[in-house]
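One-letter residues, chain by chain:
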Amino acid sequence: MKRRDFSMAALAAAATTLAGCGGGGGNDGLQPSAPGGEPPLASPAPAPDSGSGPAVEPTPLPEQSAPATPSGGIAYPFGARIDPYVAGIAPSVAKPVMDAALKNHYTAWKAHAVADVPGVNGGKAIKFGHSTTFLTVSEGMGYGMLLAVLFAGHDAGAQTLFDGLLTTVRARPAYGVVQHHSALGKYLMDWRLYSDGSTGGEGWNAMDGDEDIAMALLMADRQWGSGGAWNYKEEALNTIAAMKAYNFAADGTTRGLKYSHVSRTSDYMFGHFRAYQKATGDAFWTKAVDRAYYLTDLMQTQFSSSGLVPDFVVYTDSNPMPSPGFMGDGNADEHHYWWNACRNPWRYASDYLLSGDPRIKLLTTRMMNFFQAEAASSGDVTGIGTGYALNGFQLAGGDSPAYHGPICAGACVDPAYQGFLDAMWAWNTSRLTTGYYDGEIQLLSLAVASGNWWTP
């Protein structure tokens, strides 16, 4: 494919065009097994300053310490930006305009996604798409808990939602893990529930769901304190200990899938690991950061000519390489940048913007250089597809917030991407969706891009 230069001016024009489109979006070209989208939400009118601007660092907010949680109140209301990012850039959009778009998105998502759980008194769940067989998966529960704690202050019912989700998490433990770790297994969630609220995941956990659940619990301790109906801090520490015992190797490598030497790259949540270390004082979590960096760097430098990484790495205990297939999620595409790895730019950027770790920036920029070039080659960001081989060959076309949302967050790591970032922000905010997986990932990614991500 012939590539041409994609200048800041061209990106700005693309951003302006996209901002005025509305409608569309969704999952054109997705295979039937991919997560399904919902009709996009109505988009707020573009802000006068929503075009691209010069590649400049965002103006940092004054340094502030986190306030103590007031009795019956919250410590970090949505939009407060109490903890300024230490690195990166922001979209060329006024903060109130970004926040208004995200509040609208969250409100519509909550109305669509939250369901009661049969058989769990007070239990809430994040619905698993259009499935009539399964109600929810632990991954979705983690997303929902993160969103509830982030949007407290906008949503007066955020803590009630959070507690309802936590009630379900604790009511449905990974009973298969309990057989191996009787003291800790109950703090990991069964990875899937049937539509009648009963366990449907064969008693095992999905560690990405539990990683987000643990992180959300630590954030809830900061947001609301732990003196209410739930001791969030204690619940977080228990979940962290359970994951360390069951989902990690001694060297810090994530595991816990069908084979112990298989690792999913989207489980490399650097910022979460740092938060776990701060909460526990356990140096193991530094090993987890280092090991995740090593494996990602290895995939990018030894197996990828594009900077993209595979969904799964195998033989992590001996000779790490991309999965040949059917060793992680059980599909033939595990060696591609696919429906797991598409989340990585968001996961990595959410850490770099707050940690400033140059290693994580390096991993992210390798991916962003590729995606910026993909957009340049096709003329705008709609040229970015929904699946890639590690040599950069596009395997599936169409647009998905599950891809474009994380790329928007990833583009925040360097001023060189300002025009690209603005185009990605415009694409996403003109195609806000409430559909499972797409909607949650998009909303969390845009919260990162807008400066609204924080950690305990």
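This text goes with the structure placed above it.
Worth saying up front: this structure is predicted, and the values here are computed from it rather than measured.

### A closer look at the overall build of the chain
Moving on, step 1. A tally of regular secondary structure across the chain gives 14 helices and seven strands.
Moving on, step 2. In the chain, the share of contacts with a sequence separation of at least 24, taken over all contacts with a separation of at least 6, comes to 70%.
Moving on, step 3. Here the chain displays about 16,000 Å² of accessible surface, and carbon together with sulfur accounts for 54% of that area.

### What to know about the packing of helix α6 (residues 207-224) against helix α7 (residues 232-246)
Moving on, step 1. Here α6 crosses α7 at 155 degrees, and the two axes come no closer than 8 Å. Viewed along their axes, α6 and α7 adopt a mutual orientation that is roughly antiparallel. The way α6 lies across α7 gives a crossing that is left-handed. Facing Met-207, Asp-210, Glu-211, Ala-214, Leu-217, Leu-218, Ala-220, Asp-221 and Trp-224 of α6, the residues of α7 in contact are Tyr-232, Lys-233, Glu-235, Ala-236, Thr-239, Ile-240 and Met-243.
Moving on, step 2. Residues that form the contact of α6 with α7 fall into these classes: ten nonpolar, one polar and five charged.

### Considering the sheet that holds strand β5 (residues 263-264)
Moving on, step 1. The antiparallel open sheet is built from three strands, whose spatial order is β5-β6-β7. With one partner strand each, in any of the chains shown, β5 and β7 (321-322) form the two edges of the open sheet.
Moving on, step 2. Bridge count between strand β6 (residues 312-314) and β7: two bridges; the pairing is antiparallel. Within β7, the position partnered with Val-313 by the bridge is Pro-322.

### Considerations on helix α10 (residues 344-355)
Moving on, step 1. With twelve residues, α10 extends 16 Å between its outermost C-alpha atoms, agreeing within 8% with the 16 Å of an ideal straight helix rising 1.5 Å per residue.
Moving on, step 2. Where burial is concerned, most of α10 is hidden: ten out of the twelve residues are buried.
Moving on, step 3. The first or second residue beyond α10 is Gly-356, which carries a positive phi of 70 degrees.

### With respect to the environment of Thr-167
Moving on, step 1. Relative to the assigned elements, Thr-167 resides in helix α4 (residues 158-171).
Moving on, step 2. In this structure, the C-alpha to C-alpha distance between Thr-167 and Asn-121, residues 46 residues apart in sequence, is 8.2 Å.

### Some points on the pattern of salt bridges
Where side chains of opposite charge bring their charged atoms close, a pairing between them can arise.
Moving on, step 1. Applying the stated rule across the entire model yields 20 salt bridges.
Moving on, step 2. For Asp-251, the salt bridge is made with Arg-291, and the minimal N-O distance between the two is 3.4 Å. Taken as a pair, Asp-251 in the loop between α7 and β5 and Arg-291 in helix α9 (residues 284-303) lie far apart in primary sequence, 40 residues in all.
Moving on, step 3. Taking the relative accessible area as the measure of exposure, Asp-251 reaches 35% and is therefore partly exposed.
Moving on, step 4. Residue Arg-291 is classed as buried on the basis of its relative accessible area, which comes to 16%.
Moving on, step 5. Residues Arg-264 and Asp-267 are paired through a salt bridge, measuring 3.2 Å at the closest nitrogen-oxygen approach.

### Quick notes on the environment of Ala-411
Moving on, step 1. Tracing the sequence through the fold places Ala-411 in the loop between α12 (401-410) and α13 (418-429).
Moving on, step 2. Once the C-alpha coordinates of Ala-411 and Ala-349 are considered, the two residues, 62 residues apart in sequence, prove to be 8.1 Å apart.
Moving on, step 3. Those residues in contact with Ala-411 that lie beyond four places of it in its chain are Ile-89, Met-368, Tyr-417, Phe-420 and Leu-421.

### Examining the nonpolar core
Moving on, step 1. Ranked by internal contacts, the top residues of the largest apolar core, which has 125 residues, are Met-145, Phe-162, Phe-270, Tyr-337, Phe-371 and Phe-420.
Moving on, step 2. Contact partners of Phe-270, with chain neighbours within four places excluded, come to Val-289, Ala-292, Tyr-293, Thr-296, Tyr-348, Asp-351, Ile-360 and Leu-363.

### A few points about the side chain of Thr-254
Moving on, step 1. For Thr-254, the position within the fold is in the loop between α7 and β5.
Moving on, step 2. Judged by its relative accessible area of 2%, Thr-254 falls in the buried class.
Moving on, step 3. Beyond its immediate stretch of four places on either side in the chain, Thr-254 contacts Met-207, Asn-247, Phe-248, Val-262, Ser-263, Arg-264, Asp-267, Tyr-268 and Phe-273.

### Things to note about the side chain of Ser-450
Moving on, step 1. With respect to the secondary-structure elements, Ser-450 resides in the segment after α14 (438-449).
Moving on, step 2. A relative accessible area of 2% places Ser-450 in the buried class.
Moving on, step 3. Once residues lying within four places of it in the same chain are set aside, the contact partners of Ser-450 are Arg-81, Met-98, Leu-102 and Trp-425.

### With respect to helix α8 (residues 270-280)
Helical geometry note: an α-helix holds 3.6 residues per turn, so side chains three or four residues apart project in the same direction.
Moving on, step 1. Every buried residue belonging to α8 is among Phe-270, Gly-271, His-272, Phe-273, Ala-275 and Tyr-276, and all of these are buried.
Moving on, step 2. Lining the buried residues of α8 we find α6, α7, α9, α10 and α11 (358-378).
Moving on, step 3. The first or second residue beyond α8 is Gly-281, which carries a positive phi of 75 degrees.

### Remarks on the packing of aromatic side chains
Moving on, step 1. Scanning the model with the defined rule gives 25 aromatic pairs in all.
Moving on, step 2. Aromatic side chains Phe-248 and Phe-284 sit 5.8 Å apart centroid to centroid with 85 degrees between the ring planes, which places their arrangement in the edge-to-face category. Residue Phe-248 is found in the loop between α7 and β5, and its partner Phe-284 is found in helix α9; the two are separated by 36 residues along the sequence.
Moving on, step 3. For Phe-248, a relative accessible area of 3% puts it in the buried group.
Moving on, step 4. The interplanar angle of 90 degrees and the centroid separation of 4.9 Å between the aromatic rings of Trp-339 and Tyr-403 together place this pair among those described as edge-to-face. Of the two residues, Trp-339 is situated in the loop between β7 and α10 and Tyr-403 in helix α12; the sequence distance between them amounts to 64 residues. Summarising the burial analysis for this pair, Trp-339 and Tyr-403 share the class buried.
Moving on, step 5. A connected cluster of aromatic rings, assembled from ring pairs, spans Tyr-337, Trp-339, Phe-370, Phe-371, Tyr-388 and Tyr-403.
Moving on, step 6. One cation-aromatic arrangement involves Arg-359 over Tyr-293; the distance from NZ or CZ to the ring centre is 5.3 Å.

### Focus: the packing of α6 against α8
Moving on, step 1. Where α6 contacts α8, the axes come no closer than 10 Å and their chain directions differ by 50 degrees. With respect to each other, α6 and α8 are oriented oblique. Considering how the two elements wind past one another, α6 and α8 form a crossing that is left-handed. Residues Glu-211, Asp-212, Ala-214, Met-215 and Leu-218 of α6 touch α8, and the partners they reach there are Gly-271, His-272, Phe-273, Ala-275, Tyr-276 and Ala-279.
Moving on, step 2. Looking at side-chain class alone, the contact of α6 with α8 contains seven nonpolar, two polar and two charged residues.

Rules of the game
- Residues numbered from 1 in each chain as written.
- Predicted model: local features only at pLDDT ≥ 70, side-chain atom pairs only at ≥ 80, totals over all residues.
- Heavy atoms only, no water.
- Helix = DSSP H or I, 4+ residues; strand = E, 2+ residues; numbered from the N terminus.
- Contact = heavy atoms within 4.5 Å.
- Areas by Shrake-Rupley, 256 points an atom, 1.4 Å probe, with all protein chains shown as cover.
- Axes fitted to C-alpha atoms, helices over the stretch in contact; angles between N-to-C directions.
- Parallel < 35°, antiparallel > 145°, perpendicular 65-115°, else oblique.
- Left-handed = near helix turned anticlockwise from the far one by under 90°.
- Nonpolar A, V, L, I, M, F, W, Y, C, P; charged D, E, K, R; others polar.
- Pairing = 2+ DSSP bridges.
- Expected span 1.5 Å × (residues − 1).
- Buried < 20%, exposed > 50% of the residue type's maximum accessible area, 1.4 Å probe, protein only.
- Salt bridge = Lys/Arg side-chain N within 4 Å of Asp/Glu carboxyl O.
- Core = buried A, V, L, I, M, F, W, Y, C linked by side-chain atoms within 4.5 Å.
- Phe/Tyr/Trp six-rings, centres within 6.5 Å; stacked < 30°, edge-to-face > 60°.
- Lys NZ or Arg CZ within 6 Å of the ring centre and 35° of its normal.

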